[in-house]
Amino acid sequence: MRTMKALYFKPDLHRAIATKLLSRFDKAAYWGKASLLRFGEVPRPALPSPEWAMLKPRLSGICGSDLAAITLKGSLDNPISSFVSLPMFLGHEIVAEIVETGEAVEGLCPGQRVAVYPILYCVPRAISPLCPSCQAGEFHLCWNFAEGALPPGQCIGVNNRTGGGFSEYLVAHKSQLFPLPDWMPDAHAVLFDPLCVGLHAALMARLADSDTVLVVGSGIIGLSIILMIRALGKKSRIYAIARYDFQRERALRCGADTVLAEASDAMLSAELAREFGTRLYRSRFVKPFFMGGFDAAFDCVGSGATLHQCIRWTRHRGRVILVGASPSRRFEWSLLYWKEIRLAGSISYAMETIDGARMHAFDALMHLLRDGRVDLGPLSVQTYPLEEYRKALDSLLHKGRDQPVKVAFEFR
Amino acid sequence: MKALVVDLDIPRIVVSKILGFFSPRAYLGRWAALRYRDVPDVELPADDWVVIKVRYCGICGSDYNQVFAVGNWDNPMTSLISFPQILGHEVVGTIDRVGPAVKGRRVGERVVLNPWLSCGPRGFEELCPSCRAGNFSRCYNFHKGIIPPGIHTGNSSKATGGFAPFVPAHESMCIPVPEGISDEQAVLADPFSVSLHAILNFPPGPRDIVVVYGCGTLGLLAVAILKELYPEVRIVAVYRYEHQKALAERFGASETIPWRPARAIIARIAECAGADVLVPKAGKPMLNGGVQTIYDSVGTAESMEVGLRICDYRARIVVTGVGTPKRFEWTPLYFKEVSIIGSNAFGMEDFQGERKHAMEIYFDMVRHRAVDVTPILTHRFGIEHYEDAFLACWDQGKSGAVKVLFEYPG
């Protein structure tokens, strides 16, 4: 049997307990010898059907959700556990080269470079007729993530069948492959996934030019949202909150108008109240808030505290968008009711409507890049070989030191 | 006059919280922050205010929360209220006295209270953006102007409420009750308007299956309003007590489901909506498919967690309930890209091409469409029997209470 090297995640109760304990002393325990993260030789995946292709990754980004799995951020009552299969071959932000195509794969050939749309919706699962979400082109909201010809898994990167971006080989359905033009460097294509997450969230907010927008968190998702708001031609006034100086600089380059340093809640509240020229309400025990405020807020951090901030700083009838798969937390929601705020979740992306046309988010992004509407300069990619995964992960826990915007594994 | 007063008396709140562990009477007895005592007669804060002689005053869920000290210290709304408070904002009565500058109201007129202490009552000539649009409950100035902080009658120390026989009100806060509408119908104008606001602002799709979560006052009124305005919609009501179930059916719910166990709600909604149940390895089951709109009049962590599991992809949960914030498992919020939308009270509403006060729309519906929601009036007490009134609210299963009123001699 042919094998490959892969980084994968294999839950085990004893190891989980040990890792949780050890991680209190040293975060490196999450990728230490007793951790749930394994690196080693595993069998290569086989093509599930003639409609699939064998790929060799060139560059694979580490997503916040990969890191969250590795650092055991999940909670036990999370139903998503049903939409993964174990062990999980991690990595879903993938630029790859085709090495073999099944007989029913047309128009693609070995040697071609592709971006991989990772969602394992009805089509890759060979389910017919399509579920209502997939019929509507909302593949990321598919009803069948645990059905069909594949084991459970919402996407490549959280299942045990396809391999993942952190494997030397993986398989993907032909519908998931987007050939890359020669002018597109790998370091841009590897950003398709987070950029499309940003695009989807930005579109969901239905922004107007006159809107004032808050982006909480200036990591890759926050930066992608800012970049995509600008790529869509919106003149909305964008405020971002950044933890690190380098993020602040990137957020400004992406198109934010004002970047506030992450500071005490009281200071930020006061500063924003001044910006909006509105009175700050404060009393004992209570985080300050004000009337008026942002038309829309994107919470790219998803802690209870940031969600509470978004709700307190958003105007009546404003929108708060929780971007990404954050673990559930308590948040003070009284003002959600009070200000009639709409709190919506946004995850992933699929077919999107841009400039009146409906197209796949990847195609949309390629148009935007080709037309020069996006400058990916601020989104630098730091690369590591897969064997140095410990170093790569460590840099994500030391953002102040290593200043990563996107960390990716490079394959040679 | 004698009135029911809530003081911000920390020792008393602490003592009643501790004793309240054993009996609800702790919140009503000797050591409670709530006391029935003599207070000075009502004063008019300004010349354009009136005094209403109360006929009925309903006990609202927010009054209940205040009396039984339900809530969290980190609720930001606490910065918009002042103490001591005489609660009660669901008021119908007659105008007893008018200030010298009152133009539109006269003594003897029967009115309901539009309880918002917004720009007008606070003496602002220039209105804030919300008040200009008639959204009084979202006023920017609840802490400013001629009266102390307070959102509505009952939670500002100067704008005392209907747990006393006389209530001060700005003339703009008085909405005349038309002929042919009884006091019993009129006292429901406030909660009816709350549910009406939610439904008019976030209406169901034409043939949706709609879940009304909770069958207290707001939930039952939502059922009645949906039945009247959207007869094609199929209403599924989640109830807690048997008497609520009977009322929900009477008002037009086609299905009723008990509030627990949650799994049974999820299974029943799956049947109603023809949806598949996904049983995850962890946590509660969730649906593929499910309902497009939920009106959640409970607003607790439990109702939201279950709501997120019975609703469809991209669905809306419209929340009128004010539960105490706690963690709930929110994965379907993003996994199904659901929206949770707050719906706060009422004001001027767009209805059938007109912009009218929600209470006036209610009166029109009573007069012209024969809407009658008075079956939810289950209990009436004199104010001196306030302990019995609140105990009826405390144990609705035993008392069969939905809306409990304080009644004053006519």
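What you see is a predicted model; the values in this text were computed from it and never measured.

Colleague: Explanation requested: the overall build of chain A in the structure shown.
Modeller: Of the regular secondary structure elements, chain A holds 13 helices and 20 strands. Taken over the C-alpha atoms alone, chain A extends approximately 70 × 50 × 40 Å along its principal axes. A total of 412 residues make up chain A; the buried ones form 54% of that total. Within chain A, contacts between residues at least 6 apart in sequence are counted, and of these 66% link residues at least 24 apart.

Colleague: Quick question: what am I supposed to make of the sheet that holds strand β2 (residues 37–43) of chain A here?
Modeller: Within a beta sheet, neighbouring strands are joined by backbone hydrogen bonds and run either parallel or antiparallel to one another. Residues and elements named next belong to chain A. Taken in spatial order, the three strands of this open sheet run β2-β1-β4, and their pairing is antiparallel. Of all the strands in the sheet, just β2 and β4 (88–89) have a single pairing partner and so form its edges. Examined bridge by bridge, strand β1 (residues 3–9) and β4 share two bridges and lie antiparallel to one another. Looking at β4, one finds that phenylalanine 9 is bridged to methionine 88.

Colleague: Where do I start with the domain arrangement of chain A in this structure?
Modeller: Interface size is often expressed as the accessible area that is lost when the parts come together. Residues and elements named next belong to chain A. As far as domains go, chain A holds domain 1 (3–191 + 379–410) and domain 2 (196–346). Spacing between the C-alpha centres of domain 1 and domain 2 amounts to 29 Å. Listed as interface residues are eleven residues of domain 1 and, on the opposing side, nine residues of domain 2. Listing elements by their share of the side of domain 1 that touches domain 2, those giving two or more residues are α2 (64–70) and α13 (399–402).

Colleague: Is there a simple way to think about the interface of chain A and chain B in this case?
Modeller: At the junction of the two partners, chain A supplies 43 residues and chain B supplies 42 residues. Taken together, the elements giving at least two residues each to the side of chain A that touches chain B come down to β15 (314–323), α10 (334–338) and β16 (342–346) of chain A. Of the residues in the side of chain A that touches chain B, the class split is 22 nonpolar, eleven polar and ten charged. Bridge count between β16(A) and strand β15 (residues 339–342) of chain B: three bridges; the pairing is antiparallel. Across the sheet, the residue bridging to A:Leu343 is B:Ile340, located in β15(B).

Colleague: It is not clear to me how the pairing of strand β3 (residues 49–58) of chain B should be interpreted in this structure. Could you clarify?
Modeller: Consecutive side chains of a regular strand alternate in pointing toward one face of the sheet and then the other. Residues and elements named next belong to chain B. Counting buried positions along β3 gives nine out of ten residues, so the element sits mostly inside the fold. In terms of strand pairing, β3 meets strand β6 (residues 166–170) through five bridges, oriented antiparallel. Each residue of the ladder has a partner; that of tryptophan 49, found in β6, is histidine 170. Two elements, β3 and strand β4 (residues 90–98), share eight bridges in a ladder whose sense is antiparallel. Along β4, the bridge assignment pairs glycine 58 with glutamate 90. As defined by bridge partners, β3 adjoins strand β19 (residues 403–407) across three bridges and the pair is classed as antiparallel. Paired with glycine 58 across the two strands is leucine 405, which belongs to β19.

Colleague: Hey, could you run me through the nonpolar core in this one?
Modeller: Inside soluble globular proteins, nonpolar side chains tend to come together where they are buried. By size, the foremost hydrophobic cluster in this structure holds 280 residues, and its most contacted members are A:Ile226 and B:Val223. The biggest single contributor to this core is helix α6 (residues 220–231) of chain A, with nine residues. Contact partners of A:Ile226, with chain neighbours within four places excluded, come to A:Val215, A:Ile238, A:Ala240, A:Ala251, A:Cys254, A:Gly255 and A:Ala256.

Colleague: For this particular structure, what's the right way to read unusual backbone geometry?
Modeller: Negative phi values dominate among residues other than glycine, just as trans dominates among peptide bonds. A:Pro129 follows A:Ser128 through a cis peptide bond whose omega is 0°. Mapped onto the fold, A:Pro129 is located in the loop between β6 (113–116) and α3 (132–135). One non-glycine residue, B:Arg314, adopts positive backbone phi at about 60°. Of note, B:Arg314 is situated in strand β14 (residues 311–319). We note that B:Ala345 has phi near 55°; this positive angle belongs to a residue other than glycine.

Colleague: For this particular structure, what's the right way to read the confidence of the model for chain B?
Modeller: A residue-level look at chain B finds 100% of positions with pLDDT of 70 or above and a mean pLDDT of 96. Reported confidence for the predicted complex is 0.95 by ipTM and 0.96 by pTM.

Colleague: Looking at this structure, how should I read the packing of helix α5 (residues 189–201) of chain B against helix α11 (residues 358–369) of chain B?
Modeller: Two quantities define a packed helix pair, namely the angle between the axes and the distance from one axis to the other. All names here are of chain B. Packing of α5 against α11 leaves a shortest axis separation of 9 Å and a crossing angle of 100°. In terms of their interaxial angle, α5 and α11 are classed as roughly perpendicular. Touching Ala189, Phe192, Ser193, Leu196 and His197 of α5 are Ala358, Met359, Ile361 and Tyr362, all from α11. Classifying every residue of the contact of α5 with α11 gives seven nonpolar, two polar and no charged.

Colleague: Would you mind going over the packing of α6(A) against helix α7 (residues 245–254) of chain A with me for this structure?
Modeller: Residues and elements named next belong to chain A. Across the interface, α6 lies against α7 with an axial gap of 8 Å and an inter-helix angle of 20°. One finds that α6 runs roughly parallel with respect to α7. Viewed along their axes, α6 and α7 form a crossing whose handedness is right-handed. Listed contacts from α7 to Leu223, Ile226 and Leu227 of α6 are Arg250, Ala251 and Cys254. Grouping the constituent residues of the contact of α6 with α7 by class yields five nonpolar, no polar and one charged.

Colleague: Just to check I follow, could you spell out helix α6 (residues 217–229) of chain B for this structure?
Modeller: One turn of an α-helix holds 3.6 residues; hence residues three or four places apart share an orientation. All names here are of chain B. The terminal C-alpha atoms of α6, which comprises 13 residues, lie 18 Å apart, in line with the 18 Å expected from a rise of 1.5 Å per residue. Of all 13 residues making up α6, ten are buried, and the element is well covered by its neighbours. Three or more residues of α6 are buried, namely Thr217, Leu218, Gly219, Leu220, Leu221, Ala222, Val223, Ala224, Ile225 and Leu226. Taken together, the buried residues of α6 touch α5, β8 (209–213), β9 (234–239), α7 (242–251), β13 (291–296) and β19.

Colleague: Quick question: what am I supposed to make of the pairing of strand β10 (residues 237–242) of chain A here?
Modeller: Residues and elements named next belong to chain A. Of all the six residues making up β10, five are buried; the element is thus mostly covered by neighbouring parts of the structure. Relative to β10, strand β9 (residues 212–216) runs parallel, the two sharing five bridges. Within β10, the position partnered with valine 213 by the bridge is isoleucine 238. Handedness of the crossover joining β9 and β10 through α6: right-handed. Bridge analysis of β10 against strand β11 (residues 258–261) gives four bridges, and the strand direction is parallel. When the bridges of β11 are listed, alanine 240 appears paired with valine 259. Handedness of the crossover is the feature at issue here: the chain leaves β10, passes through α7, returns alongside β11, and the resulting connection is right-handed.

Colleague: Which parts of the structure should I look at to understand the sheet that holds β15(B)?
Modeller: Pairing within the open sheet is mixed, and its twelve strands lie in the order β11(A)-β10(A)-β9(A)-β14(A)-β15(A)-β16(A)-β15(B)-β14(B)-β13(B)-β8(B)-β9(B)-β10(B). Single-partner strands in this sheet number two, and they are β11 of chain A together with β10 (255–258) of chain B. Put simply, the sheet's adjacent strands are angled 20° from each other on average, direction ignored. Here β13(B) pairs with β14(B) via five bridges, running parallel. Residue pairing in the sheet places B:Val291 in a bridge with B:Cys311 of β14(B).

Colleague: Just to check I follow, could you spell out the environment of A:Met88 for this structure?
Modeller: Residues and elements named next belong to chain A. With respect to the helices and strands, the residue methionine 88 is situated in strand β4. Overall, methionine 88 belongs to the buried group, with 21 C-beta atoms counted inside 10 Å. C-alpha of methionine 88 to C-alpha of lysine 10: the two residues are 78 residues apart in sequence and 6.6 Å apart in space. Among residues more than four places away in sequence, those in contact with methionine 88 are Tyr8, Phe9, Ala69, Val158, Asn159 and Asn160.

Colleague: What's the story with the environment of B:Tyr230 in this structure? I'm lost.
Modeller: With respect to the helices, strands and loops of the structure, B:Tyr230 is situated in the loop between α6 and β9. In this structure, the C-alpha to C-alpha distance between B:Tyr230 and B:Ile199, residues 31 residues apart in sequence, is 9.9 Å.

About the criteria used
Residues numbered from 1 in each chain as written. Chains lettered and ligands numbered in written order. Predicted model: local features only at pLDDT ≥ 70, side-chain atom pairs only at ≥ 80, totals over all residues. Helix = DSSP H or I, 4+ residues; strand = E, 2+ residues; numbered from the N terminus. Buried ≥ 20, exposed ≤ 12 C-beta atoms within 10 Å, placed from the backbone. Contact = placed C-beta atoms within 7 Å. Pairing = 2+ DSSP bridges. Domains from an automatic or database assignment. Nonpolar A, V, L, I, M, F, W, Y, C, P; charged D, E, K, R; others polar. Core = buried A, V, L, I, M, F, W, Y, C linked by C-beta atoms within 7 Å. pLDDT = per-residue confidence, 0-100. Axes fitted to C-alpha atoms, helices over the stretch in contact; angles between N-to-C directions. Parallel < 35°, antiparallel > 145°, perpendicular 65-115°, else oblique. Left-handed = near helix turned anticlockwise from the far one by under 90°. Expected span 1.5 Å × (residues − 1). Right-handed = clockwise from strand over helix to strand, strands pointing away.

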